[in-house]
Amino acid sequence: MRFLWYILLTAILLGGAFAQSALQSAADSPAANVLWSETAGRLDSPGGSAVFTALAMADPKHAGEQIRGVRIALTSHGTQSSVYVDAREFALLSSHVNLWGTGWARMPFNGTYSTNCPDEESQRLPLFLDYDGSAAVTVLTVRGHDSLSFTGLTPPDVAAIFTRASLRLKAQ
C-alpha cells in the first residue's frame, strides 16, 4: 500500500503540481525581512527533526503587506532544509491534522491512519502525516523531502503543534 503512495507522490512531483508559495518566495529574497516569529513546536527522532515556526515577513515585492505562514525546518540524517507554508494553506492543513488527531483513537483496528486522503485537496497540500497504530509510529512526509518517523508520538501530540502555530498566525 505504501508503495502505491510513493508512486502517486512521484507522479505528482514530476508533474509540477506544487507551485512555490509567496512565503517561500519571500524567504528566498535577500530584501525580505522577518517581522516576527515564534516556535510552535518541535518533533525529534533519532534520524532527524522538524521545527515548526509561525512567522510573518515583509517583502518589497509585496509592499505594505505581511506574508504570514509557517516555516518547517527539517533535519534528516545531517541534511537541513526548510519548507514554507502560507497561512491560508496552513489553515487547511491544520484542519486535516486536527481531524486526524481526534479521529485516530476511534480506529477500530491498528492500521495506518493518514491525513493524505485520496481527494484533490489533500493531494496538493505540501505535507501529510501517517500514524501506524500497529507500530505506534508517526511519519511526517513533506513532499520533495525524506520522510521522518517519530516513535511514541501520537496524532494529538502533532495536532497540538499545528494548533499553536494556527493560533499564533491568527493572533498577530
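Refer to the structure above for everything that follows.
Residues numbered from 1 in each chain as written. Predicted model: local features only at pLDDT ≥ 70, side-chain atom pairs only at ≥ 80, totals over all residues. Heavy atoms only, no water.

A tally of regular secondary structure across the protein gives five helices and eight strands. When the helices and strands of the protein are placed in sequence order, the string is α-α-β-β-β-β-α-β-α-β-β-β-α. Looking at the protein as a whole, 44% of its 172 residues qualify as buried. Counted over contacts in the protein with a minimum sequence separation of 6, partners at least 24 positions apart contribute 50%. Surface accessibility of the protein: about 9,000 Å² in total, with carbon and sulfur atoms responsible for 55%. (Helix = DSSP H or I, 4+ residues; strand = E, 2+ residues; numbered from the N terminus. Buried < 20%, exposed > 50% of the residue type's maximum accessible area, 1.4 Å probe, protein only. Contact = heavy atoms within 4.5 Å. Areas by Shrake-Rupley, 256 points an atom, 1.4 Å probe, with all protein chains shown as cover.)

Three or four residues apart is the spacing at which side chains of an α-helix point the same way, because the helix has 3.6 residues per turn. Along its 17 residues, helix α3 (residues 87-103) runs 24 Å from first to last C-alpha, staying within 8% of the 24 Å computed at 1.5 Å per residue. Within the span of α3, buried status applies to Phe-90, Leu-92, Leu-93, Ser-94, His-96, Val-97, Trp-100, Gly-101 and Gly-103. (Expected span 1.5 Å × (residues − 1).)

For the rest of this paragraph, the subject is the environment of Asp-146. With respect to the helices, strands and loops of the structure, Asp-146 is situated in the loop between β7 (137-142) and β8 (148-151). Sequence separation between Asp-146 and Thr-79 is 67 residues; the distance between their C-alpha atoms is 9.9 Å.

Before going further, it helps to spend a moment on the sheet that holds strand β3 (residues 66-76). Taking strand neighbours across the sheet as the criterion, the four strands line up as β1-β2-β3-β4 in an open arrangement whose pairing is antiparallel. One side of each edge strand has no neighbouring strand; the edge strands of this open sheet are β1 (33-45) and β4 (79-86). When the angles between neighbouring strand axes are averaged without regard to direction, this sheet yields 20°. Taken together, the eight bridges between β3 and β4 define a ladder with antiparallel strand orientation. Residue pairing in the sheet places Arg-71 in a bridge with Tyr-84 of β4. Relative to β4, α3 is tilted by about 95°, and along the sheet it contacts β3 and β4. Set on the sheet, helix α5 (residues 155-171) makes contact with β1, β2 (48-58) and β3; between it and β1 the angle comes to about 170°. (Pairing = 2+ DSSP bridges. Axes fitted to C-alpha atoms, helices over the stretch in contact; angles between N-to-C directions.)

We now examine the sheet that holds β8. Strands sit in the order β5-β6-β7-β8 across an open sheet of four strands; the sheet is antiparallel. Each edge of the open sheet is held by one strand with a lone partner, namely β5 (112-114) and β8. The average undirected angle you get between the axes of adjacent strands in this sheet is 20°. As paired elements, strand β6 (residues 127-132) and β7 share six bridges and run antiparallel to each other. Paired with Tyr-131 across the strands is Thr-138, a residue of β7. The strands touched by α3 are β5, β6 and β7; relative to β6, the strand with the most contacts, the crossing angle is about 5°.

Geometric values such as these leave the question of function open.
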